[in-house]
Amino acid sequence: MTIITGRQFRANQSKYIDMAHKGERVILSSKKGYTELKPIAETDKEVEDYKQAASLTALAAKAEQDHKNGNTIKCNTIEELHSFLDSL
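The structure contained in this document is the topic of the report that follows.

Reading the values: the criteria
Residues numbered from 1 in each chain as written. Predicted model: local features only at pLDDT ≥ 70, side-chain atom pairs only at ≥ 80, totals over all residues. Heavy atoms only, no water. Buried < 20%, exposed > 50% of the residue type's maximum accessible area, 1.4 Å probe, protein only. Helix = DSSP H or I, 4+ residues; strand = E, 2+ residues; numbered from the N terminus. Arc of directions from axis to C-beta. Contact = heavy atoms within 4.5 Å. Core = buried A, V, L, I, M, F, W, Y, C linked by side-chain atoms within 4.5 Å. Pairing = 2+ DSSP bridges. Patch = residues over 30% accessible without salt bridge, like charges linked within 9 Å, V, L, I, M, F, W, Y side chains within 5 Å. Areas by Shrake-Rupley, 256 points an atom, 1.4 Å probe, with all protein chains shown as cover. Salt bridge = Lys/Arg side-chain N within 4 Å of Asp/Glu carboxyl O.

Regarding helix 2 (residues 13-21), the residues found buried are Tyr16, Met19 and Ala20. All buried residues of helix 2 project into a common sector of 100 degrees when viewed along the axis, lining one side. Residues of helix 2 that are exposed and point more than 90 degrees away from the buried face comprise Ser14 and His21. On its buried side, helix 2 packs onto strand 1 (2-5), helix 1 (6-11), strand 2 (26-30) and strand 3 (33-37). The first or second residue beyond helix 2 is glycine 23, which carries a positive phi of 100 degrees.

With seven residues, the main nonpolar core is built from Ile4, Phe9, Tyr16, Met19, Ala20, Val26 and Leu37. Counting residues per element, this core draws most heavily on helix 2, at three residues. Ignoring sequence-local partners within four residues, the contact set of methionine 19 consists of Thr2, Glu24 and Val26.

In this section: the pairing of strand 3. Across five bridges, the pairing between strand 2 and strand 3 is antiparallel. Across the sheet, residue valine 26 finds its bridge partner in strand 3, namely leucine 37.

All right, on to a nonpolar patch on the surface then. On the surface, Ile78, Leu81, Leu85 and Leu88 cluster together to form a nonpolar patch covering roughly 400 Å² of accessible area. Considering the arrangement of structural elements, one finds isoleucine 78 in helix 4 (residues 78-87).

The next subject is the pattern of salt bridges. One pass over the structure, following the stated rule, counts four salt bridges. Its salt-bridge partner being glutamate 36, residue arginine 25 comes within 3.1 Å of it at the nearest N-O pair. Within this pair, whereas arginine 25 is found in the loop between helix 2 and strand 2, its partner glutamate 36 is found in strand 3, the two being separated by eleven residues in sequence. Under the relative-accessibility criterion, arginine 25 is labelled partly exposed at 45%. A salt bridge links lysine 51 to glutamate 48; the shortest N-O distance between them is 3.4 Å. Placement of the pair is lysine 51 and glutamate 48 together in helix 3 (residues 45-68), with a separation of three residues, close to one helical turn.

Printed below as a string of structure tokens:
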């Protein structure tokens, strides 16, 4: 087990994260108490939720850029919309 301060962690984040990923216990000491660094598996729900949110954010940014560049289809009526959707 390794106990480190916040200053030590900030100076060597990669080192301590690597240690935690290799199974070593790394404890961060602060005025608020102690916190253990623990890796999260790629299959954990929180990680999946984060990756999904990040991909949706990227998709929304691309859609916004397409709109700004005029790469959109405009439907003025519900009939035009249905026609477009039927064509897909």
